[in-house]
Amino acid sequence: MEHARVRHWAVIGVVMIAILGGVLLMAKSGTSAPAGTRELHLVVRDMTFFMAGEDTPNPTLRFRAGEQVRLVLRNEDTGMQHDFTVGSWRVASPPLDARQETVLEFRVPERRGTDTYSCRPHAQMMYGTIEVE
Ligand SMILES: [Cu+2]
């Protein structure tokens, strides 16, 4: 009986710590963008787009129709200019030199389906899919 009670409180303690950790994590990640804005960080290296910290080349970007996006783009390719554009959305960054970074803020169209993003100077190889759901 006594043993079961101790275990009961231990379980509650673990759950409380998990909830607290989740709240802290949410507070921390929410500092850079206003509520409801999706923020993503894209990096260009070796003529390829990557999500910062990941290694899937030219990853599929997923958005919700109508959502606000804050896209941070960084060019890490030495000696080469790159940009980011979604032609059908009229979204385009300026060309970035190596080690340059820019922030694009835009609203995803209210239309589900797929679109394509690319780098204009290298659109033949630097492109990927956007899925809007
Ligand atoms: Cu490029």
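Placed above this text is the structure.
Counting of residues starts from 1 at the beginning of each chain's written sequence and follows it residue by residue. Only residues with pLDDT of 70 or above have their local features reported here, since the model is predicted, and side-chain atom pairs are shown and tallied only from 80 upward, although totals for entire chains, interfaces and linings are computed over all residues.

### Things to note about the sheet that holds strand 4 (residues 68–75)
- Pairing between two strands is assigned when DSSP locates at least 2 bridges connecting them. For the purposes of this entry, the term helix denotes a DSSP run of H or I that reaches at least four residues, the term strand denotes a run of E that reaches at least two, and both are numbered from the N terminus. An order of 2-1-4-7 is seen for the four strands of this open sheet, with the pairing classed as mixed. For this open sheet the edge positions go to strand 2 (48–51) and strand 7 (101–107), each flanked by a neighbour on one side alone. With direction set aside, neighbouring strand axes in the sheet form an average angle of 25 degrees.
- Judged from the seven bridges that link them, strand 4 and strand 7 form a sheet pairing that is antiparallel. Bridge pairing links Q68 to R107 in strand 7. For helices, the fitted line uses only the C-alpha atoms of the stretch in contact; every axis is such a line through C-alpha atoms, and the angle between N-to-C directions lies from 0 to 180 degrees.

### Thoughts on the environment of D77
- Examined against the element boundaries, D77 turns out to sit in the loop between strand 4 and strand 5 (85–86).
- Spatially, the C-alpha atom of D77 lies 9.2 Å from that of V43, the residues being 34 residues apart in sequence.
- For D77, the contacting residues outside a window of four places in its chain are V44, R45, D46, M47, H82 and A98. The contact criterion used here is simple: two residues whose C-beta atoms, placed from the backbone, lie within 7 Å are in contact.

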